[in-house]
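Spelled out, the chains give:
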Amino acid sequence: MDSQIKKRMFQSDQINTYKSPKFTRDNFKNLYKSEQHIFKKYLKNCKTVLDIGCLYGSLGKALKKFNIDYSGMDSDLNAIKFGKNIYKDIKLFNDDFTKPKKKYGKYDFVFSLNVFEHYTNWKKIIKSYKNFSKKYFCF
């Protein structure tokens, strides 16, 4: 991970922003229309989903209606701990998707919202996404 990005992520208070009542992403109707469209189109053909940059995994709850096996990954340990306390039935991993510490399987659908634009080596990032996907990936 780019050292500047890592520094900004760990100094930010992003988790406080995302858990505020004004920005709840745990309900499908609160997602952007473009996200709703993509999820409706592709998740009907998927069983496993990995959300890279999930923060604390609230999107997993919003996607429950698709009857998928949702997993989330984020490099922010505090966010992952927060999510594990709230969502007991969602698999959340604290890891760096560009250099994962453990081996992960392949998922039908991998998506990463608001992550890609933070990296300068876009080719490396796309290859990293593809390492987790056996069908689709979206960023």
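Scroll up for the structure.
Residues numbered from 1 in each chain as written. Predicted model: local features only at pLDDT ≥ 70, side-chain atom pairs only at ≥ 80, totals over all residues. Heavy atoms only, no water.

Undergrad: So what about unusual backbone geometry? Which residues, and what values?
TA: Unlike most non-glycine residues, Leu 55 shows phi in positive territory, near 60°. Counting through the fold element by element, Leu 55 comes out in the loop between strand S1 (48-52) and helix H4 (58-62). On the basis of relative accessible area, Leu 55 is assigned to the buried category, the value being 8%. For Asn 114, which is not glycine, the phi torsion reads 65° and is therefore positive. Position of Asn 114 relative to the elements: it lies in the loop between strand S4 (107-111) and helix H6 (122-130). (Helix = DSSP H or I, 4+ residues; strand = E, 2+ residues; numbered from the N terminus. Buried < 20%, exposed > 50% of the residue type's maximum accessible area, 1.4 Å probe, protein only.)

Undergrad: Just give me the short version of the packing of aromatic side chains, but keep the residues and values in it.
TA: Ring pairs (aromatic) are described by centroid distance and by the angle formed between their planes. Following the criterion strictly, the structure yields 16 aromatic pairs and no others. Seen from their ring centres, Tyr 56 and Tyr 87 are 6.4 Å apart, and the 5° between their planes marks the pair as stacked. One end of the pair, Tyr 56, is in the loop between S1 and H4; the other, Tyr 87, is in the loop between helix H5 (77-86) and strand S3 (91-94), and 31 residues separate them in sequence. Overall, Tyr 87 belongs to the buried group, its relative accessible area being 9%. A connected cluster of aromatic rings, assembled from ring pairs, spans Phe 39, Tyr 42, Phe 109, Phe 111 and Tyr 136. In this structure, Lys 65 is placed above the aromatic ring of Phe 28, and the distance from its NZ or CZ to the ring centre is 4.3 Å. (Phe/Tyr/Trp six-rings, centres within 6.5 Å; stacked < 30°, edge-to-face > 60°. Lys NZ or Arg CZ within 6 Å of the ring centre and 35° of its normal.)

Undergrad: Break down the sheet that holds S4 for me, with residues and values.
TA: The strand order across the open sheet built from five strands is S3-S2-S1-S4-S5, with neighbouring strands paired in parallel fashion. With one partner strand each, in any of the chains shown, S3 and strand S5 (133-138) form the two edges of the open sheet. Adjacent strand axes in the sheet meet at a mean angle of 20°, parallel and antiparallel pairs treated alike. The sheet contact formed by S4 and S5 spans four bridges and is parallel. When the bridges of S5 are listed, Tyr 107 appears paired with Ser 133. The strands that helix H3 (residues 33-42) touches are S4 and S5; relative to S4, the one it contacts most, it runs at about 170°. (Pairing = 2+ DSSP bridges. Axes fitted to C-alpha atoms, helices over the stretch in contact; angles between N-to-C directions. Contact = heavy atoms within 4.5 Å.)

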